[in-house]
Amino acid sequence: MAHPELNDATLDEIREALAPEVALNAAFDGWSAQAVAQAADTLGLDRDVAALAYPGGAIEMIDAWFAHIDSAMSARFTDAQLAAMKIRERITALVEARLDLLAGNREALRRALAILAMPQNAARAARLGWRSADRMWRLAGDTATDYNHYTKRAILGGVYAATIAVFVNDESEDWSETRGFLGRRIDGVMQFEKAKARLLGRGQHRPSLSRFIGRLRYPAV
């Protein structure tokens with residue numbers, strides 16, 4: 001029998017509900033129709049209906065699972081909790097929350113990464129990485145709309161991807177190797193941001209040749 005909340009659910013809602021269950025089965029059955037069928041059985045959904053949820057196959061299953069991780073990560077923190085942290089602590093806490101949510105499904109994650117690494121999936125993989133980095137920066141309170149908006153997300157996306165590569169093979173207690181790696185990478189990012197801010201600050205006070213020439217032609221009054 002289907003879960004009550006799935007009665008009369010839309011296909012988008014069914015896709016979201018199936019996502020974590022599909023991930024659990026993907027560790028054994030791969031990101032496949034069989035994983036979707038097993039997830040449907042768990043939720044009491046008709047297999048034929050569940051099959052309609054991911055017309056694009058494995059890549060759409062992975063997309064839905066990552067979206068589920070994004071939402072679950074967001075739900076772990078209140079605005080007040082994040083506001084009480086420094087920016088470095090916020091980013092670290094958000095990435096570590098994602099790792100904790102993924103920890104029980106590392107085999108499914110390995111299989112997902114192998115699929116995303118295929119040349120035909122490169123563009124989709126980049127969009128998924130960007131989406132997760134954007135969600136983390138927004139939760140961290142970033143409101144930049146200039147080029148910083150893009151550089152911050154590109155840099156965090158790189159840090160997160162590198163951290164995941166360590167995480168999937170980390171057998172240390174409490175993921176200590178991954179946490180140490182993440183800490184060092186975020187330290188590097190923070191140092192870069194500080195250096196960039198200093199350079200930009202100096203640039204703001206640097207004499208402008210065009211402004212000087214303009215004032216010669218049209219003196220300020």
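Before reading further, recall that the structure is shown in the block above.
What counts, and where the lines are drawn
Residues numbered from 1 in each chain as written. Predicted model: local features only at pLDDT ≥ 70, side-chain atom pairs only at ≥ 80, totals over all residues. Heavy atoms only, no water. Core = buried A, V, L, I, M, F, W, Y, C linked by side-chain atoms within 4.5 Å. Buried < 20%, exposed > 50% of the residue type's maximum accessible area, 1.4 Å probe, protein only. Helix = DSSP H or I, 4+ residues; strand = E, 2+ residues; numbered from the N terminus. Contact = heavy atoms within 4.5 Å. Expected span 1.5 Å × (residues − 1). Patch = residues over 30% accessible without salt bridge, like charges linked within 9 Å, V, L, I, M, F, W, Y side chains within 5 Å. Areas by Shrake-Rupley, 256 points an atom, 1.4 Å probe, with all protein chains shown as cover. Salt bridge = Lys/Arg side-chain N within 4 Å of Asp/Glu carboxyl O. Axes fitted to C-alpha atoms, helices over the stretch in contact; angles between N-to-C directions. Parallel < 35°, antiparallel > 145°, perpendicular 65-115°, else oblique. Nonpolar A, V, L, I, M, F, W, Y, C, P; charged D, E, K, R; others polar.

Trainee: Hey, could you run me through the nonpolar core in this one?
Mentor: A general trend in soluble globular proteins is that nonpolar side chains are found buried together. If you look at the biggest cluster of nonpolar residues, it comprises 58 residues, and the most contacted ones within it are Leu18, Val22, Trp31, Tyr54 and Trp65. At the level of secondary structure, the elements contributing two or more residues to this core comprise helix H1 (11-29), helix H2 (33-43), helix H4 (58-75), helix H6 (87-102), helix H7 (106-116), helix H8 (122-139), helix H9 (147-167) and helix H10 (176-204). For this core, the leading source of residues is H4, giving eight residues. The contacts of Trp65, once residues within four sequence positions are left out, are Ala19, Pro20, Ala23, Trp31, Leu102, Asn105, Ala108 and Leu109.

Trainee: Is there a simple way to think about H4 in this case?
Mentor: The α-helix advances 3.6 residues per turn, and as a result positions three or four apart in sequence lie on the same side. The terminal C-alpha atoms of H4 lie 26 Å apart, and with 18 residues this matches the ideal 26 Å at 1.5 Å per residue to within 8%. The complete set of buried residues in H4 reads Ile59, Met61, Ile62, Asp63, Ala64, Trp65, Phe66, Ile69, Asp70, Ala72, Met73 and Ser74. Considering only its buried residues, H4 is in contact with H1, H2, H6, H7 and H8.

Trainee: What is the right way to look at a nonpolar patch on the surface in this model?
Mentor: A grouping of Leu11, Val49 and Leu52 is seen on the molecular surface, where their side chains present a nonpolar patch of about 240 Å² in accessible area. Residue position: Leu52 is located in the loop between helix H3 (47-51) and H4. On the basis of relative accessibility, which here comes to 54%, the residue Leu52 falls in the exposed class.

Trainee: Can you walk me through the environment of Asn169 in this structure?
Mentor: Structurally, the position occupied by Asn169 is in the loop between H9 and H10. Measuring from C-alpha to C-alpha, the distance between Asn169 and Arg110 comes to 9.2 Å, with 59 residues separating the pair along the chain. If we skip the residues at most four places from it in the chain, Asn169 touches Arg106 and Arg110.

Trainee: So what exactly am I meant to see when it comes to the environment of Ala67 here?
Mentor: The residue Ala67 is located in helix H4 in this model. Residue Ala67 is classed as partly exposed on the basis of its relative accessible area of 29%. Along the sequence, Ala67 and Glu16 sit 51 residues apart, while their C-alpha atoms lie 8.3 Å from each other.

Trainee: Can you walk me through the side chain of Ser172 in this structure?
Mentor: Along the chain, Ser172 falls in the loop between H9 and H10. The class for Ser172 is buried, based on a relative accessible area of 17%.

Trainee: I tried to follow the packing of H1 against H7 on my own but got confused; where do I start?
Mentor: When two helices pack together, their arrangement is given by the angle between the helix axes and by the axis-to-axis distance. Interaxial distance between H1 and H7 falls to 8 Å at its minimum, and their mutual angle equals 75 degrees. Considering their axes alone, H1 and H7 lie roughly perpendicular with respect to each other. The residues of H7 that touch H1, namely those facing Ala23, Ala26, Ala27, Phe28 and Asp29, are Glu107, Ala108 and Arg111. Among the residues forming the contact of H1 with H7, the class breakdown is five nonpolar, no polar and three charged.

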